[in-house]
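What follows is each chain in one-letter form.
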Amino acid sequence: MQTKNAIGIMGGTFDPIHVGHLVIAETVRESLGLAEILFIPSNNPPHKDNLKITDASRRFEMVKLAVEDNPYFRASDIEISREGVTYTIDTLALLAGEYRNDRKYVYIIGADTVWDLVNWYKFDEVFGMCGFAAVQRQGYDLSRLKKRIGILERKYSADITYVEAPSVDISSTEIRARIESGKSIKYMVPDKVVKYIYENKLYLSKIEKLG
Ligand code: ATP
Ligand code: MG
């Protein structure tokens, strides 16, 4: 795929956004010559068991704070402004309409998402609408990752470019756990986001929140 000047998409729950997301976005942008990267937080699913996910407006605020000093990064509310479950295929269709041209899209994903792609709604159609840039993630063997990419390319005509990026062993799950147990998250999350988390008392256990 011709990636020069394509638009990058970083989709995720971003609960919260952390330096792992930012490092892979910047590395892929530079490596593939992308014009800009849209950070698109996912909507809150309407299921009861997903009540644990932080409100979309707060996740979006944190994304905005995290990307505001990078001229190539932009926070997009294209998913959280829609009702209910939002699918990537609809987001891509909306973006194509918004830009009213033949801009190409490169969806940036970590290794765990490479395995999850086949669970995406109408994933084979999604493969026809955008290319993917996949990066390593802790716990995922590089040769297995490349093999998996090869399978998706042959079986579904997916277009997935492996991009070498610094390995950052951080997850939002770990950040939430650290906050709940009173540990520091400094340097794992941008300073402004750290401040927002503390000011809004995010990720504390219910007991602490009441107290
Ligand atoms: P959680 O632990 O809540 O699942 P997360 O850290 O995995 O959070 P997500 O919002 O689920 O973050 O991830 C969005 C995208 O960023 C996914 O494609 C994921 O693979 C990728 N990603 C997140 N963290 C990293 C990381 N440290 N290295 C590489 N890719 C990452
Ligand atoms: Mg995840």
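Before reading further, recall that the structure is shown in the block above.
Residues numbered from 1 in each chain as written. Chains lettered and ligands numbered in written order. Predicted model: local features only at pLDDT ≥ 70, side-chain atom pairs only at ≥ 80, totals over all residues. Heavy atoms only, no water.

1. As for the packing of helix α2 (residues 56-67) against helix α8 (residues 191-199)
At their nearest, the axes of α2 and α8 sit 8 Å apart, and the two run at 155° to each other. One finds that α2 runs roughly antiparallel with respect to α8. The element α2 and its partner α8 pack so that their crossing is right-handed. Contacts between α2 and α8 involve R58, E61, M62, L65 and A66 from the first element and K192, V193, Y196 and I197 from the second. Taken together, the residues of the contact of α2 with α8 break down into six nonpolar, no polar and three charged. (Axes fitted to C-alpha atoms, helices over the stretch in contact; angles between N-to-C directions. Helix = DSSP H or I, 4+ residues; strand = E, 2+ residues; numbered from the N terminus. Parallel < 35°, antiparallel > 145°, perpendicular 65-115°, else oblique. Left-handed = near helix turned anticlockwise from the far one by under 90°. Contact = heavy atoms within 4.5 Å. Nonpolar A, V, L, I, M, F, W, Y, C, P; charged D, E, K, R; others polar.)

2. Remarks on the environment of Q138
Looking at where Q138 falls in the secondary structure, it is placed in the loop between β5 (131-135) and α6 (142-156). Q138 gets classed as partly exposed once you look at its relative accessible area, which sits at 44%. Q138 sits ten residues away from G128 along the chain, and the two C-alpha atoms are 29 Å apart. In contact with Q138, not counting residues within four places along its chain, are S167 and D169. A polar contact is formed between the side chain of Q138 and the side chain of S167, at a distance of 3.2 Å. (Buried < 20%, exposed > 50% of the residue type's maximum accessible area, 1.4 Å probe, protein only. Polar contact = N/O pair within 3.5 Å; in protein donor to acceptor, adjacent residues only side chain to side chain.)

3. Topic: the site of ligand 1
Taken together, the neighbourhood of ligand 1 is formed by 22 residues, with D112, T113, V168, S172 and T173 sitting nearest. The separation between an oxygen atom of ligand 1 and a polar main-chain atom of T13 is 3.0 Å. A distance of 3.0 Å separates an oxygen atom of ligand 1 from a polar atom in the side chain of H21. Taken together, the residues of the shell around ligand 1 break down into seven nonpolar, twelve polar and three charged. (Near = heavy atom within 4 Å.)

4. Describing the environment of R176
Along the chain, R176 turns up in helix α7 (residues 172-180). Of the residues examined, R176 reaches a relative accessible area of 28% and is grouped as partly exposed. Here the alpha-carbon distance between R176 and L202, two residues 26 residues apart in the chain, equals 8.6 Å. If we skip the residues at most four places from it in the chain, R176 touches D15, P16 and Y203.

5. Examining helix α1 (residues 19-32)
Taking 1.5 Å per residue as the helical rise, α1 with its 14 residues ought to reach 20 Å, and the 20 Å between its terminal C-alpha atoms agrees with that figure. Residues G20, H21, L22, I24, A25, T27, V28, R29 and L32 constitute the buried set of α1. G33 sits one or two positions beyond α1 and adopts a positive phi of about 65°. (Expected span 1.5 Å × (residues − 1).)

6. Quick word on the pattern of salt bridges
In total, this model carries seven salt bridges according to the counting rule given. For R29, the salt bridge is made with E26, and the minimal N-O distance between the two is 3.1 Å. Taken together, the positions of R29 and E26, both in helix α1 and three residues apart, correspond to about one turn of that helix. Given the relative accessible area of 27%, E26 is considered partly exposed. Across the pair E68 and K192 runs a salt bridge, and its minimum N-O distance is 2.7 Å. One end of the pair, E68, is in the loop between α2 and β3 (73-75); the other, K192, is in helix α8, with 124 residues separating them in the sequence. The exposure class of K192 is partly exposed, given its relative accessible area of 37%. (Salt bridge = Lys/Arg side-chain N within 4 Å of Asp/Glu carboxyl O.)

7. Brief notes about the packing of aromatic side chains
The tally for this structure, following the rule as stated, stands at eleven aromatic pairs. Each ring, one from W115 and one from Y140, has its centre 5.6 Å from the other, and the planes form 40°; the classification is tilted. On the criterion of sequence distance, the pair formed by W115 in helix α4 (residues 111-116) and Y140 in the loop between β5 and α6 is long-range, its members being 25 residues apart. Accessibility expressed as a relative area gives 25% for W115, which makes it partly exposed. Given a relative accessible area of 30%, Y140 falls into the partly exposed group. Taking the centre distance of 5.7 Å and the plane angle of 85° together, the rings of F127 and F132 count as edge-to-face. On the accessibility criterion, F127 (5% relative accessible area) is buried. Grouped by ring-pair contacts, the aromatic residues Y107, W120, F123, F127, F132 and Y156 constitute a single cluster. (Phe/Tyr/Trp six-rings, centres within 6.5 Å; stacked < 30°, edge-to-face > 60°.)

Nothing here speaks to function; it is geometry throughout.
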